[in-house]
Amino acid sequence: MGELALADILAARRAIAGVALRTPLIASPFLSRRLGHDFLLKLECTQPIGAFKLRGAVNAVSNLPSGVMGVTCCSTGNHGRGVAHAARARGLRAVVCMSSLVPKTKVDGIRALGAEVRICGSSQDDALAESQRLAREEGLVEISPFDDPLVIAGQGTIGLELMEDRPDLAAVLVPLSGGGLAAGITLAAKAIRPDIRVIGISMDRGAAMHASIRAGHPVEVGEVASLADSLGGGIGLANRLSFPLCRRLLDDVVLVSEEEIYRAMQTLYYEERMVAEGASVVGIAALTSGRLPAFAGPVATILTGRNVDMTVFTDIVSGRDVLLGDLTIKGHAHAA
Ligand SMILES: *Cc1c(COP(=O)(O)O)cnc(C)c1O
């Protein structure tokens, strides 16, 4: 595949129809009051695996030639779940490699879909090395969580739906890790509305894409525990696609603190009665902590997943302290 284009995203939409949902886009009254325009939530947390990653995984697996032995990937949890789901539907073996930082609830979810799980080391890089070894030595096809044209095109179908539902959007706030989601959404949205602004949002500890865009090339960052565990890990020093696309197409990258993510999870729960993982609420955190520029119209963010560790979640909504490796996030009750 050459340069990724809108046609690839339209093809992905046909490939994933009937497996991944076309998700609702709903206005949050509370957050709309804060913004002064409609603030919209794209409910990817309602996908059958609880996260948007189903889109890219199904597109990649449905494009595999026949006769493939099986698939492998590294994952912070949700990509593995998507790949496991898509592989099972095609009767293929799936091996998912993850670091010890991945919450147990995500590991269990992947096993429940019939995939084999390998826990390798304490970083995404260790997990990536193992999935690459399996591809070399056991003949499995590796599916990158973000640096794969079919995965990016699959995630890009979210951009098509956003533009169809709200052609008047001024901006989209996209949770940003390896950048497959942001690259796909931005490609689709800017092909349709070149003037739309797309802003990537990451946590301020271990934001690999942000550091790489600043450096002008992919760089490694230390991987630390985060409430936004789905946003952890590097972008790969040999990144081919998601880095150049994010660098060229994103208007900005904004970082939020763990404390701000904690508050945003409370806000979403108390004001909208919704459960989401930390990675999902970074757009809300950026808004409510005043880190965004002013926008001239409605803004949407993607609630990317709901596969949250329930112990951590109940601690947060109860206002208790949360221990994250070397960091303690001081508990406090929700205040509107
Ligand atoms: C993977 C993931 C992201 C980030 O997507 P990238 O394509 O890696 O940037 C955000 N939120 C959730 C819940 C995820 O699983």
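Residues numbered from 1 in each chain as written. Predicted model: local features only at pLDDT ≥ 70, side-chain atom pairs only at ≥ 80, totals over all residues. Heavy atoms only, no water.

Q: Please explain the packing of aromatic side chains as it appears in this structure.
A: Remark: the centre distance and the inter-plane angle together describe each pair of aromatic rings, the angle taken between the planes. Evaluation of the coordinates by the stated rule reveals two aromatic pairs. Where Tyr 269 meets Tyr 270, the ring centres are 5.2 Å apart and the plane angle is 85°; that geometry is what we call edge-to-face. By relative accessible area, which is 28% here, Tyr 269 ends up partly exposed. When the ring of Tyr 269 is compared with that of Phe 313, the centres are 5.5 Å apart and the planes differ by 85°; the resulting orientation is edge-to-face. Pair noted here: Tyr 269 is in helix H11 (residues 258-272) and Phe 313 is in helix H13 (residues 310-317), with a separation of 44 residues, a long-range link. Three or more aromatic residues link up through ring pairs in this structure, and these residues are Tyr 269, Tyr 270 and Phe 313. (Phe/Tyr/Trp six-rings, centres within 6.5 Å; stacked < 30°, edge-to-face > 60°. Buried < 20%, exposed > 50% of the residue type's maximum accessible area, 1.4 Å probe, protein only. Helix = DSSP H or I, 4+ residues; strand = E, 2+ residues; numbered from the N terminus.)

Q: I tried to follow the packing of H11 against H13 on my own but got confused; where do I start?
A: Two quantities define a packed helix pair, namely the angle between the axes and the distance from one axis to the other. Contact geometry of H11 with H13 gives a least axis separation of 9 Å together with a crossing angle of 80°. The angle between the axes of H11 and H13 places the two elements in the roughly perpendicular class. Along the contact surface, H11 presents Tyr 262, Met 265, Gln 266, Tyr 269 and Tyr 270, while H13 presents Phe 313, Asp 315, Ile 316 and Val 317. Residue composition of the contact of H11 with H13, grouped by class: seven nonpolar, one polar and one charged. (Axes fitted to C-alpha atoms, helices over the stretch in contact; angles between N-to-C directions. Parallel < 35°, antiparallel > 145°, perpendicular 65-115°, else oblique. Contact = heavy atoms within 4.5 Å. Nonpolar A, V, L, I, M, F, W, Y, C, P; charged D, E, K, R; others polar.)

Q: Explain the pattern of salt bridges to me, please; I cannot follow it from the model alone.
A: Pairing between side chains of opposite charge can happen when their charged atoms approach one another. Here the structure, examined in full by the defined rule, presents 25 salt bridges. Asp 108 is paired through a salt bridge with Lys 104; the nearest N and O atoms lie 2.8 Å apart. You can see Asp 108 and its partner Lys 104 sitting in helix H5 (residues 104-112), four residues apart, about one turn around the helix. Asp 108 sits in the partly exposed class, given a relative accessible area of 34%. Between Arg 320 and Asp 315 there is a salt bridge, with its nearest N and O atoms 2.8 Å apart. (Salt bridge = Lys/Arg side-chain N within 4 Å of Asp/Glu carboxyl O.)

Q: So what exactly am I meant to see when it comes to the sheet that holds strand S9 (residues 252-256) here?
A: Within a beta sheet, neighbouring strands are joined by backbone hydrogen bonds and run either parallel or antiparallel to one another. Read across the open sheet, the six strands follow the order S1-S2-S10-S7-S8-S9; overall the sheet is mixed. Because the sheet does not close on itself, it has two edges, and the strands there are strand S1 (25-27) and S9. Looking at each pair of strands side by side, their axes are set apart by 25° on average, direction ignored. Pairing geometry for strand S8 (residues 197-203) and S9, over five bridges, is parallel. Each bridged residue has a counterpart across the sheet, and for Ile 199 the counterpart in S9 is Asp 252. (Pairing = 2+ DSSP bridges.)

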